[in-house]
Amino acid sequence: FFFFFFFSELCIINIQMSQDWTEVVLHRKAPKPARPDQAVAYARAHGADVDTVKKFGAGGNKSVVPSSGISAKKLDDESESFVHKKVDASVADAIKRRRAELAMTQKELAQKINEREGIINEYERGDAIPNPSVIGKLERALGIKLRGKDIGSLLDKPKPKAAAPGKK
């Protein structure tokens with residue numbers, strides 16, 4: 001009798017736990033606009049009051065100097081025209097000359113220094129803004145000096161390091 005009672009209780013509990021007759025209602029969320037200007041257009045389309053304000057430099061880090069090195073206020077106050085420094089013509093000629101001596105294409109040189117082909121083209125035209133890291137890569141790849149005196153001359157081969165005394 002006890003076994004039957006216990007078994008019937010398990011069955012009732014199991015049946016009650018397995019059947020859930022409560023309603024489940026799923027709602028789709030309203031689509032969110034991807035960009036702020038879409039949010040403004042959406043609000044205007046639905047008749048909401050919209051107030052937009054353009055803020056100059058909002059959220060920016062004012063302590064950081066722009067990439068040109070001159071602040072916007074100084075540019076506005078200055079009457080002179082500022083032009084970025086370009087690669088010297090002697091550097092451009094040296095790159096062209098040495099690349100031709102090595103029978104390399106611009107694409108091959110770009111792959112060798114891990115830069116885009118357009119960068120090599122800009123340096124050879126003299127239109128590039130000098131970047132010390134790119135110039136260093138070009139110097140090593142071409143084996144010539146591109147900075148300082150004697151631009152276009154061959155780089156000195158690094159001397160092999162002497163073995164430390166006492167080690168064989």
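No experiment lies behind these values; they were computed from the predicted model shown.

Visitor: Looking at this model, I keep getting lost on the side chain of Gln106. Mind explaining?
Guide: Mapped onto the elements of the fold, Gln106 is located in helix H5 (residues 106-113). For Gln106, a relative accessible area of 17% translates into the label buried. One polar contact links Gln106 to Glu124, side chain to side chain, over a distance of 2.7 Å. Excluding residues within four positions of it along the chain, Gln106 makes contact with Arg99, Glu117, Ile120, Asn121 and Glu124.

Visitor: I keep staring at the pattern of salt bridges and nothing clicks. Help me out?
Guide: Close approach of charged atoms allows side chains with opposite charge to pair. One pass over the full model with this rule turns up six salt bridges. With its nearest N and O atoms 2.5 Å apart, the salt bridge here joins Glu124 to Arg99. Taken together, the residues span a long stretch of sequence, with Glu124 in helix H6 (residues 117-125) and Arg99 in helix H4 (residues 89-101) at a distance of 25 residues. Just as Glu124 is buried, Arg99 falls in that class too.

Visitor: Whenever I open this one, the confidence of the model for the protein chain confuses me. Can you help?
Guide: Predicted coordinates in areas of low pLDDT are best not read in detail. Mean pLDDT over the protein chain works out to 75, with 60% of the residues at or above the 70 mark. Predicted confidence is poor over residues 1-5, with pLDDT under 50, and the contacts of this stretch with residues over four places away or in other chains come to zero contacts.

Visitor: Whenever I open this one, the nonpolar core confuses me. Can you help?
Guide: Across soluble globular proteins, nonpolar side chains have a tendency to be buried as a group. Counting residues in each nonpolar core, the largest one holds 19 residues, and the members touching the most others are Ile95, Leu109, Ile113, Ile120, Tyr123, Leu138 and Leu146. Within the residue set of this core, elements represented by two or more residues are H4, H5, H6 and helix H7 (132-142). With five residues, H7 is the largest single contributor of residues to this core. Here Leu146 is in contact with Val91, Ala94, Ile95, Ile135, Leu138, Glu139 and Ile151, once residues within four sequence places are set aside.

Conventions used here
Residues numbered from 1 in each chain as written. Predicted model: local features only at pLDDT ≥ 70, side-chain atom pairs only at ≥ 80, totals over all residues. Heavy atoms only, no water. Helix = DSSP H or I, 4+ residues; strand = E, 2+ residues; numbered from the N terminus. Buried < 20%, exposed > 50% of the residue type's maximum accessible area, 1.4 Å probe, protein only. Polar contact = N/O pair within 3.5 Å; in protein donor to acceptor, adjacent residues only side chain to side chain. Contact = heavy atoms within 4.5 Å. Salt bridge = Lys/Arg side-chain N within 4 Å of Asp/Glu carboxyl O. pLDDT = per-residue confidence, 0-100. Core = buried A, V, L, I, M, F, W, Y, C linked by side-chain atoms within 4.5 Å.

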